[in-house]
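Residue strings, one per chain:
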Amino acid sequence: HRAHLSDALIAAAQMRAAQLVGPKQFSFTDVPTPTVGQGNVLVEIERWSICGSDIRNLYGAVLPEHGYPAPIGNPGHEIAGRIVESRSDRWDVGQRVIALPHGRDDALVEHYEVLPNRMIAIPDEGDPGDWLMCQPSGTVLYACQQLGTLLGKSVLILGQGPIGLSFTAIFARSGARKVIGADLLDYRLDFARRFGATHTLNPMDVPIHDAVSETLEGELPDLVVEAAGYPDTLQLGLDLVSEFGTLVMFGLQQRTSDENPVPRLRIERFRRSNATLLATASGHMADPTGHIERMVELKQRGWWDPSTMITHRSTFENIQDAYDLYDSRKDGIVKVVIHP
């Protein structure tokens, strides 16, 4: 039952959109509902979620005065909803999907035009916000697929936010011998243990080099994942990965400026280790959806349910509070889902 609304009707319709009008300050505005181009679809968004990159790249940044108001709908890119108009032979009106914005993080709107190769079908049963968690976890699955077998490996994951916790859960279910989760927040370490970490450590409580060495009986981990996105944790990864091991650089490093330069990394030890540096960015692949489709399938099978990361739910009208809470890392927040 493919169908599409008339251009005149879509053009006349208005939708609500969020917009940053100052540092960490949202406002709402009404904008025209997108007119859908040939081959594309229009998705009515039913769930949004916040990614750490949304906070660090725009919401938590202080832009020059001329940078405000920021582009409408920024920053947001984790969305799920239902197709309400289709001009694609591949997608039907009424299907529920996870949608991937193309080249922009401007999805804090009620309707979004999506390219046909940037959607993942999700089942009709269950909360769409629960299925939406397959998007961030799917990007982690892609990284894990580049690593080969994990059977018998010792792994250290630096950072236990949603991405680090996804690594922990997937490694624990893929036969890793020891899975060490590290984070500065104890409540995240509680999640790590529930998700399958064999050991956890807080570098504020114990020297991380000593703790890792003791856990691995004097050895260094075969695999280290930098999932926090800070120069200090990247340096730890360079220092702690074993000889001929692998360091996965997943966390987005902070954008730099003359006022905020990146500290010089010490790489000599890493160079001598003959270790491999693996950087992954699944969103830039020719197939940006396959790994998320696999995560949906794994959730359906009961292999692991990434929606167990959801700790908070909010509404679109309260998007300011949702972003403030995520930014504060208070109240035990790991992942927040926003509904209309």
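Residues numbered from 1 in each chain as written. Predicted model: local features only at pLDDT ≥ 70, side-chain atom pairs only at ≥ 80, totals over all residues. Heavy atoms only, no water.

A look at unusual backbone geometry
For the peptide bond that leads from Tyr68 to Pro69, omega is -5°, which places it in the cis range. Of note, Pro69 is situated in the loop between helix H2 (52-59) and strand E4 (78-86). The linkage connecting Asn74 with the following residue, Pro75, adopts the cis geometry, with an omega of -5°. If you trace the backbone, Pro75 turns up in the loop between H2 and E4. For Glu217, which is not a glycine, the phi torsion comes out positive at approximately 55°. Positive phi values are uncommon outside glycine, yet Asp331 reaches one of about 60°. Tracing the chain through its elements places Asp331 in the loop between helix H11 (319-328) and strand E15 (335-339). (Helix = DSSP H or I, 4+ residues; strand = E, 2+ residues; numbered from the N terminus.)

So, the packing of aromatic side chains
For the structure on display, the rule yields 9 aromatic pairs. Seen from their ring centres, Phe167 and Phe171 are 5.5 Å apart, and the 45° between their planes marks the pair as tilted. Of this pair, Phe167 and Phe171 both sit in helix H5 (residues 162-172), separated by 4 residues, roughly a single helical turn. One exposure class covers both Phe167 and Phe171, and it is buried. Arranged with centres 5.6 Å apart and planes meeting at 70°, the rings of Phe195 and Trp304 form a pair that is edge-to-face. Placement of the pair is Phe195 in the loop between helix H6 (186-194) and strand E10 (199-201) and Trp304 in the loop between helix H10 (290-301) and strand E14 (310-315), with a sequence separation of 109 residues. Trp304 carries the same exposure label as Phe195, and that label is buried. The rings of Phe26, Tyr59 and Tyr323 are connected pair by pair, giving a single aromatic cluster. Between the NZ or CZ atom of Arg56 and the centre of the ring of Tyr230, over which it lies, the distance is 4.3 Å. Just above the ring of Trp131 sits the side chain of Lys299; from NZ or CZ to the centre is 4.3 Å. (Phe/Tyr/Trp six-rings, centres within 6.5 Å; stacked < 30°, edge-to-face > 60°. Buried < 20%, exposed > 50% of the residue type's maximum accessible area, 1.4 Å probe, protein only. Lys NZ or Arg CZ within 6 Å of the ring centre and 35° of its normal.)

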